[in-house]
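What follows is the residue order along each chain.
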Amino acid sequence: MLSIRILTNNDIPKIEKMKQDFNIFRVVDTKKGKLEMVEFFNKDGVFRGFGRDTKAAYKRAKRAVIKYYNK
């Protein structure tokens, strides 16, 4: 079963800071079976992170965004 939802500041408190710092306009959480995926959408593309839960996937997606902008 596939479920998709838009994450807000109520779900993860630090989302608003990420949105401001990296000009992100949407954060999407996708769940399929035991795999969670968080996607950050901004003008430069989509940054994804995968994990067993939303928190782990969020950390990996955040790491991908930071790594992209610090190269």
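Remember, it's a predicted structure, so these values are computed and weren't measured experimentally.

Rules and cut-offs
Residues numbered from 1 in each chain as written. Predicted model: local features only at pLDDT ≥ 70, side-chain atom pairs only at ≥ 80, totals over all residues. Heavy atoms only, no water. Salt bridge = Lys/Arg side-chain N within 4 Å of Asp/Glu carboxyl O. Helix = DSSP H or I, 4+ residues; strand = E, 2+ residues; numbered from the N terminus. Buried < 20%, exposed > 50% of the residue type's maximum accessible area, 1.4 Å probe, protein only. Expected span 1.5 Å × (residues − 1). Arc of directions from axis to C-beta. Contact = heavy atoms within 4.5 Å. Phe/Tyr/Trp six-rings, centres within 6.5 Å; stacked < 30°, edge-to-face > 60°. Pairing = 2+ DSSP bridges.

Caption draft 1: Examining the pattern of salt bridges more closely. On inspection of all chains with the given rule, the structure shows 5 salt bridges. The salt bridge involving Arg 5 is made with Asp 29; its shortest N-O contact spans 3.4 Å. Of this pair, Arg 5 sits in strand β1 (residues 2-6) while Asp 29 sits in strand β2 (residues 24-32), and the two are 24 residues apart along the sequence. For Asp 29, a relative accessible area of 4% translates into the label buried. Across the pair Glu 39 and Arg 48 runs a salt bridge whose closest N-O atoms are separated by 2.7 Å. According to the relative accessible area criterion, Glu 39 is buried, its value standing at 10%. Under the relative-accessibility criterion, Arg 48 is labelled partly exposed at 45%.

Caption draft 2: How the structure looks around helix α2 (residues 54-69). Over its 16 residues, α2 runs 23 Å from end to end, which matches the ideal 22 Å to within 8%, given 1.5 Å per residue. Every buried residue belonging to α2 is among Thr 54, Ala 57, Tyr 58, Ala 61 and Val 65, and all of these are buried. Buried residues of α2, viewed axially, fall in a sector of 100 degrees; they line one side. Looking at α2, the residues exposed on the side facing more than 90 degrees away from the buried face are Lys 55, Lys 59, Arg 63 and Lys 67. Taken together, the buried residues of α2 touch β1, α1 (15-22), β2, β3 (35-42) and β4 (45-51).

Caption draft 3: Main features of the packing of aromatic side chains. Tallied over the full model, the rule gives 6 aromatic pairs. One aromatic cluster is present, formed by Phe 22, Phe 47, Tyr 68 and Tyr 69 through successive ring pairs.

Caption draft 4: Region of interest: the pairing of β4. In this structure, β3 lies alongside β4, joined through 7 bridges in antiparallel fashion. If you follow Glu 39 over to β4, its bridge partner there is Arg 48. Joining the antiparallel neighbours β3 and β4 is a turn of 2 residues.

Caption draft 5: Molecular detail of unusual backbone geometry. The backbone of Asn 23 shows a phi angle near 55 degrees, a positive value even though the residue is not glycine. Relative to the helices and strands, Asn 23 is located in the loop between α1 and β2.

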